[in-house]
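# Survey of secondary and tertiary structure
The lines below spell out each chain.
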There are 2 protein chains.
Amino acid sequence: MPPRRRSPTDATESRSALLAATQRLMLEEGYAAVSSRRVAAEAGVNVALVYYYFDNMDELFIALYRHGAERNLERVEQALEDPQPLWRLWELTYDFSTNALAMEFMALGNHRRAIKAEIAAYSRKLRTLQIERFTSILEGYGVDLQRWPAASLILVMLGTSRFLQLEESFDVEIGHADTVAVIERQIRDLEGERQPVSKVATISLRRSS
Amino acid sequence: MPPRRRSPTDATESRSALLAATQRLMLEEGYAAVSSRRVAAEAGVNVALVYYYFDNMDELFIALYRHGAERNLERVEQALEDPQPLWRLWELTYDFSTNALAMEFMALGNHRRAIKAEIAAYSRKLRTLQIERFTSILEGYGVDLQRWPAASLILVMLGTSRFLQLEESFDVEIGHADTVAVIERQIRDLEGERQPVSKVATISLRRSS
DNA sequence: GTCTATAGCTGGATAGAC
DNA sequence: GTCTATCCAGCTATAGAC
């Protein structure tokens, strides 16, 4: 393919195009494929613009991470307002693209300090929120929190779904259906049959803010 | 540091040195740090030797993966012979270096076909073995396998421990102690207090082969 | 804001001497 | 088996014209 040229009228969309291209590349070819040249070509933009909009490649990654993190936090908050927060959490973490991107960032953060710090800060914030809210939700369900602390249920769900997805991206699916069935049965025991996302929740969220 | 020179007498240890250096680099700095030049320097060996012993970098990675995979398979088989196989599986997957390396390989395999295929093949083989053996082990414990298929217990354990470790490598540990406590309580319910690795198991394994 | 041009580095891989 | 030398590609980042 020839590099996509933007129409001359789309002004300072370049920054967004670079972010979008970075995400696309990370998902399709892994973070190692994201070089200034490739991301620029993919965005249909000149290489030098990468350094005009971002101090360096790390900053580009961090900008993308923050953007995704904010969106994800909003989705989690919305899920927590839903009448079936466990079902929503499960759906959220079983969403492929979110998860795959998170994995790429973790692999990337593994050897880049600035990115590592960013991920750690966000993860702590998110986890704290999840535990706090699920503690009262599960209490409402009559769960014995001494035996089953909210943190343990959340981490088991997150860990399992991430692991299943990781394996699935390698076309390994042995035992997955059994595992999903067990987890969904446990959720059903607490929240009943899964219902579609409640629109009421979104409205009440708006009302309360 | 100056590159470590080997004593002139150590003959064809170069190959092993390269493999060891690759593993060290992957663990300490991530797979992206493994270049032919760096791995050669780290092993105290000339760059050209990398291509003498391995067709290309992918083959070097695959050779290292196979070596680790074989060793791991042996350890799993030994764990399955132990009187407390669940405890042993838990310990094995909660071992840091095994896990960290596996993660690096997965990130690497994510965008290198040859490596991806290697990981997939090994994972399927390992999972099949684990499910087969744990099905009869759990049956012996009186577990209701309809409600709790062996695969689901194994995958939840593996997924959770991997996730906890991943987070811990980012210094995020919120809720981890609670989660570990819950899982270890469940194991204790089935296998009693954790005992040190049984030597008898190793002997009986030898006898039966 | 966008581009060209370029410096300076690191990478994979090979040819050929010893 | 081991080494030197080398080719060529791709990368980050900057200077400076427009």
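Since we're looking at a predicted model, the values are computed, not measured.

## Notes on the packing of aromatic side chains
- This model, assessed by the stated rule, comprises 9 aromatic pairs over all chains.
- Here Y65 of chain B and F105 of chain B contribute two aromatic rings whose centre-to-centre distance is 5.0 Å and whose plane-to-plane angle is 75 degrees, an arrangement assigned as edge-to-face. With Y65 of chain B in helix α4 (residues 57-81) and F105 of chain B in helix α6 (residues 96-109), this pair connects stretches of sequence that are 40 residues apart. Like F105 of chain B, Y65 of chain B is buried.
- Among the aromatic residues, ring-to-ring pairing joins Y65, F105 and Y122 of chain A into one connected group.
- In this arrangement the basic side chain of K116 of chain B is found over the ring face of F170 of chain A, its NZ or CZ atom lying 5.7 Å from the centre.

## Comments concerning the interface of chain A and chain B
- Chain A puts 47 residues into the contact, and the matching count from chain B is 47 residues.
- Roughly 4,000 Å² is buried in total at the junction of chain A and chain B, and carbon and sulfur atoms are behind 68% of that figure.
- Its largest share of buried area at the contact with chain B, chain A owes to F163, F170 and I174 of chain A, together 17% of the area lost on that side.
- Counting across the interface, chain A meets chain B through 2 salt bridges.
- Its salt-bridge partner being R127 of chain B, residue E167 of chain A comes within 2.0 Å of it at the nearest N-O pair.
- Seen at the junction of chain A and chain B, the total is 11 residue pairs in polar contact (both at pLDDT 80 or more).
- Within the residue set of the side of chain A that touches chain B, elements represented by two or more residues are α6 (96-109), α7 (113-140), α8 (150-168) and α9 (176-191) of chain A.
- The class makeup of the residues in the side of chain A that touches chain B is 21 nonpolar, 14 polar and 12 charged.

## A look at the protein's contact with DNA strand D
- Contacts to DNA strand D come from 17 residues, most closely from S35, S36, R37 and Y51 of chain A together with N46 of chain B.
- Sugar plus phosphate, as a fraction of atoms of DNA strand D within 4 Å of the protein: 61%.
- Contacts to DNA strand D include S35 of chain A, whose side-chain N or O atom sits 2.6 Å from a phosphate oxygen.
- The contact in question runs from a phosphate oxygen of DNA strand D to an N or O atom on the side chain of Y53 of chain B, over 2.8 Å.
- For the surface near DNA strand D, the secondary structure elements donating two or more residues are α2 (36-43) of chain A together with α3 (47-53) of chain B.

Thresholds applied
- Residues numbered from 1 in each chain as written.
- Chains lettered and ligands numbered in written order.
- Predicted model: local features only at pLDDT ≥ 70, side-chain atom pairs only at ≥ 80, totals over all residues.
- Heavy atoms only, no water.
- Phe/Tyr/Trp six-rings, centres within 6.5 Å; stacked < 30°, edge-to-face > 60°.
- Helix = DSSP H or I, 4+ residues; strand = E, 2+ residues; numbered from the N terminus.
- Buried < 20%, exposed > 50% of the residue type's maximum accessible area, 1.4 Å probe, protein only.
- Lys NZ or Arg CZ within 6 Å of the ring centre and 35° of its normal.
- Contact = heavy atoms within 4.5 Å.
- Buried area = accessible area lost by both parts, 1.4 Å probe.
- Salt bridge = Lys/Arg side-chain N within 4 Å of Asp/Glu carboxyl O.
- Polar contact = N/O pair within 3.5 Å; in protein donor to acceptor, adjacent residues only side chain to side chain.
- Nonpolar A, V, L, I, M, F, W, Y, C, P; charged D, E, K, R; others polar.
- Near = heavy atom within 4 Å.

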